[in-house]
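Chains, contacts and geometry: an overview
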Amino acid sequence: VGLFGNGLYSMNALLKKAEEIGSKVFGVGNPQPSPEKESPPLSSGIAEVELHYEHTKHRLHMDLGATAAAFCTQVYLATGVVPARQKIVGFKTSTGQAMSTPLLPDADLRKLGVRRGMKLMLFQLPVGHELEPYNLTTHPVDKIASKCMLLQQRTDAIEAIMLVQQQWSQPTAGDISMVAKLHKLCTIYDDMGLKLLLKVDEIDGDENTKAARKALVRRVNGELDRLDRLKKRLDPLMSTSDSASAALPSPGASPSSSPYAAAAPAAPEAVGSG
């Protein structure tokens, strides 16, 4: 009988059999690629993610135990887009489905299905279209309270970065850029706090509402005091940065003996306001 059996093999069957044999032996044919296995979502620890903005790519480390404000501050230092105007997309559900909503400013990072190596995209929002934090209710007290909490988290993020940095007495070009960006961020958040106070003044109601309004005033003033202290700590570093920037050679100038002569100026950051 042999390979052809009783002559029942059709030509199509023979061609299919030959394609299967060729695919196995020589790697020819049209084998279906196996789907790339995705790493499981994380609920704790630190994940390295890839952030794409315009034509640049940044590798950032997301601490899932920290706030979204801390990650957005890291994004700001890398891209120059202030946190209030960031729209970050690319997150997935625990089942791997793409989320339609961007990263909210007060989101819980542990619930975003973050995976190691996941790719995110950043867009800069126009002024007046900033993302709002989550509100328990639509009552003015709750809306302003959520913004007060966000202001606190953003101030915490600046303070944490300043605590980590220990080498600013002899700043590098990267340190100079970071100091300037953090100082700018303090100024932006200070302005946000003053605007919040104006919103608090507009709240009217019964005795409970008035008591809540007083508590909000204390909270905002507390954050404004913290921001003022942070700016005062950054002010001497800003003067150092100005001196260092002045020491950097202008384009086409001959190298200088200054310790900052070999350092390239920081890339211009995107213009934005809170």
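This write-up is about the structure you can find in this document.

Reading the values: rules and limits
- Residues numbered from 1 in each chain as written.
- Predicted model: local features only at pLDDT ≥ 70, side-chain atom pairs only at ≥ 80, totals over all residues.
- Heavy atoms only, no water.
- Helix = DSSP H or I, 4+ residues; strand = E, 2+ residues; numbered from the N terminus.
- Contact = heavy atoms within 4.5 Å.
- Pairing = 2+ DSSP bridges.
- Axes fitted to C-alpha atoms, helices over the stretch in contact; angles between N-to-C directions.
- Core = buried A, V, L, I, M, F, W, Y, C linked by side-chain atoms within 4.5 Å.
- Buried < 20%, exposed > 50% of the residue type's maximum accessible area, 1.4 Å probe, protein only.
- Parallel < 35°, antiparallel > 145°, perpendicular 65-115°, else oblique.
- Left-handed = near helix turned anticlockwise from the far one by under 90°.

In this section: the environment of D142. With respect to the helices and strands, the residue D142 is situated in helix α3 (residues 140-164). When the C-alpha atoms of D142 and A212 are compared, they prove to be 9.5 Å apart, with 70 residues separating the residues in sequence. Residues contacting D142, with those up to four places away along its chain left out, are N135, L136 and T137.

Another aspect to go through is the sheet that holds strand β2 (residues 56-63). Two strands in a sheet stick together by hydrogen bonds in their backbones, pointing the same way (parallel) or opposite ways (antiparallel). Across the sheet, which stays open at both edges, the four strands sit in the order β2-β1-β4-β3 with mixed pairing between neighbours. On the outer flanks of this sheet lie β2 and β3 (86-89), each paired with one strand and no other. On average, adjacent strands in this sheet sit at an angle of 35° to one another, irrespective of strand direction. Bridge analysis of strand β1 (residues 46-53) against strand β4 (residues 119-124) gives four bridges, and the strand direction is parallel. When the sheet's bridge partners are listed, E50 is paired in β4 with K119.

Ranked by size, the top nonpolar core spans 29 residues in total, and within it I144, I158, L182, Y189, L216 and L234 carry the most contacts. Here the element with the most residues in this core is helix α4 (residues 173-201); it accounts for 11 residues.

Here we come to the environment of F71. Looking at the element boundaries, F71 is found in helix α2 (residues 68-79). Not counting chain neighbours up to four residues away, the residues in contact with F71 comprise V49, L60, M62, I88, L103, L109 and L120.

Here we take up the pairing of β2. Across eight bridges, the pairing between β1 and β2 is antiparallel. Counterpart to A47 in the pairing with β2 is M62. Hairpin connection between β1 and β2: a loop of two residues separates the two successive antiparallel strands, and E54 in this loop has a positive phi of roughly 55°.

As a further point, take the packing of α2 against α4. With their axes 10 Å apart at the nearest point, α2 and α4 run at an angle of 125° to one another. Comparing their axes, α4 and α2 come out oblique. Here α2 and α4 pass one another in a crossing that is right-handed. Contacts between α2 and α4 involve T73, Y76 and L77 from the former and M178, K181, L182, K184 and L185 from the latter.

You can see A78 is positioned in helix α2. Each C-alpha atom, one on A78 and one on R59, is 9.3 Å from the other, the two residues being 19 residues apart in sequence. Beyond its immediate stretch of four places on either side in the chain, A78 contacts H58 and L60.

The residue T209 is located in helix α5 (residues 207-247) in this model. You can call T209 buried: its relative accessible area is 12%. Apart from residues lying up to four places away in sequence, T209 is in contact with H139, V141, I203 and D204.

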